[in-house]
Amino acid sequence: MARFIFITGGVVSSLGKGLMAASLAALLQARGYRVRIRKFDPYLNVDPGTMSPYQHGEVYVTDDGAETDLDLGHYERFTGVAARQSDNVTSGRIYQQIITRERRGDYLGATVQVIPHVTDAIKAFAMTDVDDLDFVLCEIGGTVGDIESLPFIEAIRQLRNDVGRTNTVFIHVTLVPYIAAAGELKTKPTQHSVRELTSLGIQPDILLCRTEHPLPEGERAKIALFCNVRKEAVIQALDASSIYAVPLQYHAEGLDNEVLRAFGMEPGSPPDLGRWDDIIDRQKNIEGEVTIGVVGKYVGLPDAYKSLHEALIHGGLANRVKVRINWIDAELFEQPESDVAAALEPMHAILVPGGFGERGSEGKIASVKFARERKVPFFGICLGMQMACIEGARNTAGIADATSSEFGSGGSPIVGIITEWMSEEGLQKREAGGDLGGTMRLGAYEATLSGNSHVASIYGTTSISERHRHRYEVNAHYKAPLEAGGLVFSGMSPDGELPEIVERPDHPWFVGVQFHPELKSKPFDPHPLFASFIEAAVKQSRLV
Ligand code: GLN
């Protein structure tokens, strides 16, 4: 039977619970265990799909088409286990399910309440599809003490009794702040946070203490005493130089040993951490450095492009180079006095990422034009591919008014709304005026690549599957004029209807993809497109 590890957070948000869960899962996996990580989000949105990236960071999309919390990206990057719809739930989704059932009369006249109905639904979610697993790690979003997270805390308290005390471990992640004026680390916030948790019926087994300074023995003993945990179970979590150093660091602090011990299991032989050692070796022993210009919209918040950022870093690992990312606000290129060339000349490669809406689109198109004309490696992702097609249409195919119907009516819609497409469930239909939530082409779709294309040589195959999240498509009817202008449609949906990849054979590296390859890249298995793109940037850096 699967064992459950519940991870809560205290004191402040942004402690990196997601990374902690991902790192612990990676350590357990390195000991040969089968793991899965789940995220419980206490907010009322049904999923993060309609939230602004500024609110919530990136929306991470799974193979099965779920729009989920960005922590699922960490989980997948650290374990290689493909995340699923059933790995992320929000209060909104739980309530939606319960209210639908209530309206149907499923509760047979009962009063529907938080306990037991909401807590039962949360427990059912945690227990789904766990048969073939050794450990299920469940991360509770938010901070202990939040009103919103109470039903989740109550549900995990009950689960300990349901699945047996020896099958559950509670880890509480806290902050031990350093007060510069006193020159001391302070344990009081941790004590308060644990008291709050115990008042809700949960005694943590392990405390993971985030700190900027090493935790002295005295402080560790004090936390153990006041919080009722063994001293060895107070684990120091110092800030790490790289997120990929976290599994190694936690192992050195004894986290995985303590977790097994808390379950009453023998730790056995140490984990095989070769994959993590190799990553750190590649980060430490670099052979060069490249600068990538990312011309996008949400450049003020790094979390908005989390997976993209990581995939570029992975491309650097593959080539043993440091990747510097220069986030450029596309709107700046729309000012009359802006000098696109001056801003982009220092870049060894240019990437236009995914995005929504018209704002900044002309700046993105100007960046594509610069990369095409100057033969600087160019990578367009989702909206970035659409911009590459509009640029090609306007400047190399003679369609001066080329545009996307996302930007309003008028002009030649090279990019238009998808109203129909085939999925595994059969024909999908959408209407232009429909709801915004969950109305996109979402999740994994296959594409067929032309045998002699650049992308086929990069992938080493002509049949791929990648994740999508978009409402608009490049209109395949424009294939002939665009190809005459040098922009070749080198990847199509298997039915030949939807353009998936475009490339320019007369350019050193110019690829646009309708999907999001960054979602599947891993530090120990960099995505081939990112590895190849960074390789092209390295070549470019030798030219300039
Ligand atoms: N806004 C575009 C669309 O909906 C692109 C989406 C994206 O880049 N993820 O088609």
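Residues numbered from 1 in each chain as written. Predicted model: local features only at pLDDT ≥ 70, side-chain atom pairs only at ≥ 80, totals over all residues. Heavy atoms only, no water.

Novice: So what exactly am I meant to see when it comes to the environment of N319 here?
Specialist: Checked against the element boundaries, N319 lands in helix α12 (residues 306-319). When residues no more than four places from it in sequence are discounted, the contact partners of N319 are A531, I534 and E535. (Helix = DSSP H or I, 4+ residues; strand = E, 2+ residues; numbered from the N terminus. Contact = heavy atoms within 4.5 Å.)

Novice: When you look at the site of the ligand in this model, what are you seeing that I'm missing?
Specialist: Around the ligand, a shell composed of G354, G355, F356, C382, L383, Q386, E406, R469, H470, R471, Y472 and H516 is seen. One of the side-chain nitrogen or oxygen atoms of E406 is found 2.8 Å away from a nitrogen atom of the ligand. Separating a nitrogen atom of the ligand from a side-chain N or O atom of H516 is a distance of 3.1 Å. The set of elements that each furnish at least two residues to the shell around the ligand consists of α15 (383-396) and β21 (463-470). (Near = heavy atom within 4 Å. Polar contact = N/O pair within 3.5 Å; in protein donor to acceptor, adjacent residues only side chain to side chain.)

Novice: What is the right way to read the sheet that holds strand β17 (residues 412-417) from this model?
Specialist: In any sheet, the strands associate via hydrogen bonds between backbone groups, in a parallel or an antiparallel arrangement. Spatial ordering of the open sheet is given by β16-β17-β22, a layout of 3 strands whose pairing is mixed. The open sheet terminates on both sides in strands that have one partner only, identified here as β16 (402-404) and β22 (472-474). Taking the axes of each pair of neighbouring strands and ignoring which way they run, one obtains an average angle of 30 degrees across the sheet. Two elements, β17 and β22, share 3 bridges in a ladder whose sense is antiparallel. Residue pairing across strands places I417 opposite Y472, the latter belonging to β22. (Pairing = 2+ DSSP bridges. Axes fitted to C-alpha atoms, helices over the stretch in contact; angles between N-to-C directions.)

Novice: When you look at the sheet that holds strand β23 (residues 488-492) in this model, what are you seeing that I'm missing?
Specialist: If you trace the 9 strands from one edge of the open sheet to the other, you get β13-β12-β14-β15-β25-β24-β23-β20-β21, paired in mixed fashion. Two strands in the sheet have a free side with no partner beyond their single neighbour: β13 (322-329) and β21. Strand-to-strand twist across the sheet, computed as the mean angle between neighbouring axes with direction ignored, equals 25 degrees. Relative to β13, strand β12 (residues 289-296) is paired through 8 bridges, and the arrangement is parallel. Considered in β13, the bridge of V290 is made with V323. Against the sheet, α12 touches β12, β13, β14 (349-352) and β15 (378-381), its axis set at about 150 degrees to β13.

Shape is all these values report; function is a separate question.
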